[in-house]
Amino acid sequence: MSYRTHNCNQLRSEDAGKKVKLCGWLDSKRDKGGLLFAILRDFYGTTQVVATEEPCLSQLRDIPTESTVSVEGTVVLRSAPNEKLPTGMIEIVPEKVEVLGRRTTQALPFEVSRSTEAREDIRLAYRFLDLRNPAVKEKIVLRAAIVSELRRLMTEEGFLEISTPILTSSSPEGARDYIVPSRLYPGEFYALPQAPQQYKQLLMCSGFDKYFQIAPCFRDEDARADRSPGEFYQLDIEMAFATQEDVFAVLEKVLPPVFAKFSGWEADKPPFRRIPYLEALETYGTDKPDLRNPLIIKDVTQIMQGCGFAAVEGKIVKAIAVPAFTQTRKFIDKTAEDFKTVTEGGAMYWFRLDESGAPVGGISKFLSEKLPALREALALQNGCFVALVAEEKRTLVQKRAGILRTMLGTGLDLLEKNVYRFCWIVDFPMYEIGEESGQLEFCHNPFSMPQGGMKALEEQDPLEILAYQYDIVCNGVELSSGAVRNHDPEIMIKAFSLVGLGKEDVIKKFPALYHAFEYGAPPHAGVAPGVDRMVMLISDTVNIREVIAFPMNAKARDLLMNAPSPVEQKQLDDVHIAIVKEEKKN
């Protein structure tokens, strides 16, 4: 016999008079003495049950909420319909009630319908209860629909879904590896892949033309609001005989309809804006610009020199102009104080132009001779507000100006609503001077092709070489990095030699990839937008853990499964591992 004839979101007024059987969780009860209202909830929705007769009345009264039950009865029209609910026109008069799974605990850690109000650690420890909340569950359902749509669209574009290994070798790819000891080979380790980077390039060398997968990636790195620790998923893509523009064309065709379909918001149509990396830093103060924010950053260093204001003399000065400014001095002072806190000591300088065009407030007394040049450089109009940042280091002034641009855009409610603004950040530097090492290092992906190929590596200053590297950004969130790959062994060796690594080092670190290139590799390129971040944006969610079914907490602990956790000594012995306890320092 079947457990149910209908689900809890299925019955309507035209079903009145039918004998039905429903199953679900006992969501809530209202006991009126000789009349008891109960709400039955399953994955699909809710249905009201109204008991007036024994034994069903007593049975429902005695069953704890969140128990699973079966109810058989007759569909009747409600005397007081609720048109806001899909099943709000009917209710069930029960004839038989059966407990399928009784809740045996004395109390719930939180009300399921209000689980989002509970502390996050409690929610994660009882995630199976948290996910019963329709508001929580719907984000996981949305994720499944988005992944399904991505698969469909990628397949339509001629891409082949191929799974790559989870147990692989450790390689230097930018983050710490999760390593797995081998039982068969004492002292040797597998690693969980930080990404299928080398495998997807090897697939191109194997003759496959267009590859994708929804790939799990494992990185031992700290959590952020938009990054889950431990593992995450990405739409991993690689194409043979492809240029940078070929990759762009695929994502520009796949992403906008997915974002628009599942959010109801407007999404940019192709082609997306291409913004060179250095231009992004100068104009937006970040390589992840939120293009919903209309404010831009301008350099006024030369104009401001000699103005008499000591705080800007000899420094790089950036300005942000806000037209039609109507906020109070209180708003300005609070913004300046918040900016100082967020930047750990940064200073915001400012002035306004009143309705007659005269500079007032802030540093206005220093600007009488500079005002014409500032008007022209910043396209100032009467009634506008100008915020300035001055620092000695270009990287610092760019970063702080970017923070101020975000604060002003958000604080003044200037961001476009209900839209997705995409852009490509292109022309990343191939190399940079490491902040800690002081030595030449790869700026982005070491497998990227330098613009200009071997000639650039041999003749240009390394810090001036650009790479075919790119990021795709949406509403200020970096969805993915990608690159045209360096498929030529000679160019690869030369590229690594500039950071002090010889041919032997390259072969030792990346043996399979190097040897595959020796056998004739096609030019290839790829990208890998993060699935978790896409779902977070589409669902308009701030915390990425809300779109993951069973996430770790911010400290990389799975509170539900109690992981990581100690293992038995025999398990350690099997994989030849000894735990050495650190001695406590006095």
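Because the structure is a prediction, the values reported are computed rather than measured. (Residues numbered from 1 in each chain as written. Predicted model: local features only at pLDDT ≥ 70, side-chain atom pairs only at ≥ 80, totals over all residues. Heavy atoms only, no water.)

Turning to helix H13 (residues 489-497), its buried residues are Pro489, Ile491, Met492, Ile493, Ala495 and Phe496. Packed against the buried residues of H13 are strand E20 (431-433), strand E21 (440-442), helix H12 (453-459), helix H14 (503-509) and helix H15 (511-518). (Buried < 20%, exposed > 50% of the residue type's maximum accessible area, 1.4 Å probe, protein only. Helix = DSSP H or I, 4+ residues; strand = E, 2+ residues; numbered from the N terminus. Contact = heavy atoms within 4.5 Å.)

Moving on to unusual backbone geometry. Across the junction of Glu54 and Pro55, the peptide omega takes the value 5°, indicating a cis bond. Note that the residue after Ala563, namely Pro564, is joined by a cis bond; omega there is 0°. The phi torsion at Asn418 lies on the positive side, around 55°, for a residue other than glycine. With respect to the helices, strands and loops of the structure, Asn418 is situated in the loop between helix H11 (394-411) and strand E18 (419-420).

One key point about sheets: their strands pair by backbone hydrogen bonds, in either a parallel or an antiparallel sense. Taken in spatial order, the 8 strands line up as E6-E9-E10-E24-E23-E22-E19-E12 in an open sheet, and their pairing is mixed. Two strands lie at the open edges of the sheet, namely strand E6 (160-161) and strand E12 (273-276), each paired on one side alone. Relative to strand E10 (residues 230-240), strand E9 (residues 210-219) runs antiparallel, the two being bridged by 10 bridges. In the sheet register, Ala215 faces E10, and the bridge partner there is Gln234. Where helix H4 (residues 134-156) meets the sheet, it contacts E6, E9 and E10, and its direction lies at approximately 145° from that of E9. Contacts from helix H5 (residues 197-205) reach E9, E10 and strand E24 (524-527) within the one sheet, and its direction differs from that of E10 by about 20°. (Pairing = 2+ DSSP bridges. Axes fitted to C-alpha atoms, helices over the stretch in contact; angles between N-to-C directions.)

For the rest of this paragraph, the subject is the pattern of salt bridges. Taken as a whole and judged by the stated rule, the model has 39 salt bridges. A salt bridge links Lys200 to Glu238; its shortest N-O distance comes to 3.5 Å. Placement of the pair is Lys200 in helix H5 and Glu238 in strand E10, with a sequence separation of 38 residues. Lys200 sits in the buried class, given a relative accessible area of 2%. The exposure class of Glu238 is buried, given its relative accessible area of 0%. In this structure, Lys417 and Asp413 form a salt bridge, with 2.8 Å as the shortest nitrogen-oxygen distance. Judged by relative accessible area, which is 53%, Asp413 ranks as exposed. (Salt bridge = Lys/Arg side-chain N within 4 Å of Asp/Glu carboxyl O.)

Attention shifts here to the packing of aromatic side chains. Overall, the coordinates contain 19 aromatic pairs when judged by the stated rule. Arranged with centres 3.9 Å apart and planes meeting at 15°, the rings of Phe248 and Trp424 form a pair that is stacked. Of this pair, Phe248 sits in helix H6 (residues 244-263) while Trp424 sits in strand E19 (residues 422-426); the two residues are 176 residues apart in sequence, bridging distant segments of the chain. Ring geometry for Phe325 versus Phe331: centroids 6.2 Å apart, planes at 55°, classification tilted. Assessed through its relative accessible area of 17%, Phe331 is described here as buried. (Phe/Tyr/Trp six-rings, centres within 6.5 Å; stacked < 30°, edge-to-face > 60°.)

With that settled, consider a nonpolar patch on the surface. The grouping of Leu167, Leu184, Tyr185 and Tyr190 at the surface amounts to a nonpolar patch, some 410 Å² of accessible area in total. Within the secondary structure, Tyr190 sits in strand E8 (residues 189-191). (Patch = residues over 30% accessible without salt bridge, like charges linked within 9 Å, V, L, I, M, F, W, Y side chains within 5 Å. Areas by Shrake-Rupley, 256 points an atom, 1.4 Å probe, with all protein chains shown as cover.)

So, on to the environment of Asp209. With respect to the element layout, Asp209 can be found in the loop between H5 and E9. Once the C-alpha coordinates of Asp209 and Leu160 are considered, the two residues, 49 residues apart in sequence, prove to be 8.4 Å apart. Residues within four places of Asp209 in sequence aside, it is in contact with Met204, Glu238, Met239, Ala240 and Phe241.

Taking burial as the measure, the 8 residues of strand E23 (residues 477-484) include 7 buried ones, the bulk of the element. Between strand E22 (residues 469-474) and E23, which pair antiparallel in sequence order, lie 2 residues; one of them, Asn475, sits at a positive phi of approximately 50°. Summarising the sheet, E23 and E24 pair through 3 bridges and their orientation is antiparallel. Paired with Val484 across the two strands is Ala525, which belongs to E24.

So, on to the side chain of Ser67. Mapped onto the fold, Ser67 is located in the loop between helix H1 (56-62) and strand E4 (68-77). From its side chain, Ser67 meets the backbone nitrogen of Arg103 in a polar contact 2.8 Å long. Ignoring sequence-local partners within four residues, the contact set of Ser67 consists of Gly24, Trp25, Leu26, Gly101, Arg102 and Arg103. (Polar contact = N/O pair within 3.5 Å; in protein donor to acceptor, adjacent residues only side chain to side chain.)

Quick look at the sheet that holds strand E17 (residues 385-391) now. As summarised here, the arrangement of the 5 strands in space is E13-E14-E17-E15-E16, forming an open sheet in which the pairing is antiparallel. Both edges of this open sheet fall to strand E13 (297-299) and strand E16 (359-360), since each of them pairs with a single strand only. Along the sheet, helix H10 (residues 371-378) contacts E13, strand E14 (316-322), strand E15 (349-353), E16 and E17; its crossing angle with E15, the most-contacted strand, is approximately 90°.

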